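# Coordinates in review
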Amino acid sequence: MNLWCLRHTTVAVEPGTCYGQTDVPLADSYRDELQIIRTQIESQQFDRIYCSPLIRCRQLAKDLFPEQTISFDDRLMELNFGQWEMKNWDWISSQPDSQSWFNDYVHFRCPGGESFTDQIQRVQSFMEEIQQQSENNILVVTHGGVIRSLHCLIDSVQPQKAFSFSVEYGQLVQFPQT
């Protein structure tokens, strides 16, 4: 199976805002970013398309593949930051339990949210399911955290190192055959 992941485009959120699973709107640059992505994938044929249900991914998938069936899956959502959703990272840094999360985001859960391990486990559940399918080329329209989780699962990247590389808005990532 060839697995491709596409991160959503830029969002209309104040810089420095933690938005995780909050359904935030797309930035005004969306149409331009969409055209760039179209040129990147125009030669690709995908047998199946999976997508996070959040609007920033949903809209992108529907605009790119209006004629194809898109399977929406909650396991492809970004990390749930719980009580920190839509808060400024400076404010979050001042909270009593934030230092525990910053020191060990892999295992420590955000208040009312998830740890990175939780996210990896739900992405692993998704991967185990799709590996049972017969499709050869699969595209997943998703978020940076999910793509980093896949690097941990497929490329054996240690979770502590998963955020050492960037995943840009609108970036297409191809994983080795799984």
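Structure shown above.
About the thresholds
- Residues numbered from 1 in each chain as written.
- Predicted model: local features only at pLDDT ≥ 70, side-chain atom pairs only at ≥ 80, totals over all residues.
- Heavy atoms only, no water.
- Helix = DSSP H or I, 4+ residues; strand = E, 2+ residues; numbered from the N terminus.
- Rg over C-alpha atoms; globule rule 2.2 N^0.38 Å.
- Buried < 20%, exposed > 50% of the residue type's maximum accessible area, 1.4 Å probe, protein only.
- Areas by Shrake-Rupley, 256 points an atom, 1.4 Å probe, with all protein chains shown as cover.
- Axes fitted to C-alpha atoms, helices over the stretch in contact; angles between N-to-C directions.
- Parallel < 35°, antiparallel > 145°, perpendicular 65-115°, else oblique.
- Left-handed = near helix turned anticlockwise from the far one by under 90°.
- Contact = heavy atoms within 4.5 Å.
- Nonpolar A, V, L, I, M, F, W, Y, C, P; charged D, E, K, R; others polar.

Before going further, it helps to spend a moment on the overall build of the chain. A tally of helices and strands in the chain yields six helices and seven strands. Walking the chain from its N terminus toward its C terminus, one meets helices and strands in the order β-β-α-β-α-β-β-α-α-α-β-α-β. Relative to the 2.2 N^0.38 estimate, which gives 16 Å for 178 residues, the radius of gyration of the chain is 16 Å and therefore close to what a compact globule would have. When its C-alpha atoms are laid out on the principal axes, the chain stretches across 50 × 35 × 25 Å. Counting every position in the chain, which comprises 178 residues, the buried fraction comes to 50%. Within the structure as shown, the chain displays about 8,800 Å² of accessible surface, and the carbon and sulfur contribution to it stands at 44%.

All right, on to the packing of helix α1 (residues 30-41) against helix α2 (residues 55-64) then. Where α1 meets α2, the closest approach of the two axes is 11 Å, and the angle between their N-to-C directions is 55 degrees. With respect to each other, α1 and α2 are oriented oblique. When the axes of α1 and α2 are compared, the crossing they make is right-handed. The residues of α2 that touch α1, namely those facing Tyr30, Arg31, Leu34, Ile37, Arg38 and Ile41, are Gln59, Leu60, Asp63 and Leu64. Residue classes in the contact of α1 with α2 are distributed as six nonpolar, one polar and three charged.

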